[in-house]
Amino acid sequence: MREFIISTDSTADLPDDYINAHNLTIHPLYYAFGSDEVYGEEKKLSPSEFYARMRKGEMPNTMASNPDFVQKAFQKAVDDGFDVLHLSFSSALSSSYNTAAVAAREICEENPGARIVVIDSLCASLGQGLFVHKAIMMKEAGKSMDEIIDWLQENRPYFCHEFTVDDLFNLHRGGRVSKATAIIGTLINVKPVLHVDDEGRLMPVENVRGRKKSLIALVDHMEEKIGDFKNDIVFISHGDCLEDAEFVKDLVTKRFGITNFLINYVSPTVGAHSGPGTVALFYMGTHR
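Owing to the predicted nature of the structure, the values given are computational and were not obtained by experimental measurement. (Residues numbered from 1 in each chain as written. Predicted model: local features only at pLDDT ≥ 70, side-chain atom pairs only at ≥ 80, totals over all residues. Heavy atoms only, no water.)

Colleague: Tell me about the nonpolar core, residues and numbers included.
Modeller: Judged by nonpolar contacts, the single largest core of 35 residues is most densely connected at Ile6, Leu14, Leu85, Leu87, Ile119 and Phe235. The biggest single contributor to this core is helix α5 (residues 125-140), with seven residues. The contacts of Leu85, once residues within four sequence positions are left out, are Ile5, Ile6, Ser7, Val117, Ile119, Met145, Ile148 and Ile149. Counting 21 residues, the second-largest nonpolar core is a separate cluster that includes Ala217, Val234, Val252 and Val279. (Core = buried A, V, L, I, M, F, W, Y, C linked by side-chain atoms within 4.5 Å. Buried < 20%, exposed > 50% of the residue type's maximum accessible area, 1.4 Å probe, protein only. Helix = DSSP H or I, 4+ residues; strand = E, 2+ residues; numbered from the N terminus. Contact = heavy atoms within 4.5 Å.)

This is the structure:
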């Protein structure tokens, strides 16, 4: 059995110390503010700087992964003697899955004996991160690449995502709500709650009045879906609003007794569309 590595996209939102500790290979996605230089690979903005610019009214443009980068990353792994398991950002939200799948096919055709498997996580942000985390834990426990692939494909429908955003106008820019809905909703302090569905799409679930109620609603939905799943860890991401993420963490602990969390920023690729003030909750449940 050949050794293998696990790779994923920067949209998995895993912190650098986690990435380094588990030898995870990251394929960057890119963004820019207007005619500003492109960020995402060697040059990056800190999360606080990225969201500060958004709060000032600057709107970033996002780009998918670079085919040349992906090709070279896969080729290096093959040249080093490794198979590759790549867990991609949801294909419903980005072309990055297709880019990786094409690169994997081309390299395997040119390198007999090479094996690169690309799985569409149908996940976003730390939902994708949780998908990757499960694969890493299985690999470090000695599971084979095929065992991990089978488990991920079987359990993919149970990776639950609950989001809320603080500004409806960012959803309007992404085509999720109309301009009228954004204006009226802002006036009456409506906060939408969304999830990622079985096809990997970001979809609205309900609207609630007020920020605190929207955060509580995330945990309410978790209570509806968690079933008999034993979540040994829960992931929470945020758009530069750590205090709100901690509020959700404390609610989860009070309701379910869960004490192990990974909390990190929503990356620019997702944050460009959800905006500052986004809070997202990720766990395993009976359905998305």
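Colleague: I'd love a proper account of the state of the cysteines, names of residues and values included.
Modeller: Enumeration according to the criterion identifies zero disulfides in this entry. Not engaged in a disulfide, the cysteine Cys123 finds its nearest cysteine sulfur in Cys160; these two sulfurs lie 9.6 Å apart. Cys123 gets classed as buried once you look at its relative accessible area, which sits at 0%. (Disulfide = S-S within 2.5 Å.)

Colleague: Can you explain the environment of Tyr265? Please cite residues and give values.
Modeller: Positionally, Tyr265 belongs in strand β11 (residues 261-265). It is 19 Å that separates the C-alpha atoms of Tyr265 and Ser65, two residues lying 200 residues apart in sequence. Contacts of Tyr265, omitting those with residues within four sequence positions, involve Asp13, Pro47, Tyr51, Ser237, His238 and Asp240.

Colleague: Please set out the sheet that holds strand β1 (residues 4-9) residue by residue, giving values where relevant.
Modeller: Read from one edge to the other, the open sheet built from four strands follows the order β2-β1-β5-β6, with strand pairing classed as parallel. At either end of the open sheet lies a strand with only one pairing partner, and these are β2 (25-27) and β6 (116-120). Across this sheet, the average inter-strand angle for adjacent strands is 25°, counted without regard to direction. Pairing between β1 and β2: three bridges, direction parallel. Within β2, the residue paired with Asp9 across the bridge is His27. This element, α5, spans β1, β5 (83-88) and β6 of the sheet and lies at about 170° to β1. Its contacts with the sheet put helix α6 (residues 145-155) on β1, β5 and β6, and the angle it makes with β5 is roughly 15°. (Pairing = 2+ DSSP bridges. Axes fitted to C-alpha atoms, helices over the stretch in contact; angles between N-to-C directions.)

Colleague: Outline helix α2 (residues 47-55), listing residues and values.
Modeller: Taken together, the buried positions of α2 are occupied by Phe50, Tyr51, Arg53 and Met54. When α2 is viewed along its axis, its buried side chains cluster within an angular range of 155° and face the same direction. Positive backbone phi, approximately 105°, marks Gly57, located one or two places after α2. (Arc of directions from axis to C-beta.)

Colleague: Outline the sheet that holds β11, listing residues and values.
Modeller: In sheet architecture, strand pairing relies on hydrogen bonds along the backbone and comes in two forms, parallel and antiparallel. The strand order across the open sheet formed by six strands is β9-β8-β7-β12-β10-β11, and the pairing between neighbours is mixed. The sheet terminates laterally at β9 (202-209) and β11, the two strands that pair on one side only. With direction set aside, neighbouring strand axes in the sheet form an average angle of 20°. Across the face of the sheet, helix α10 (residues 242-256) comes into contact with β10 (234-238), β11 and β12 (279-284) while running at roughly 160° to β11.

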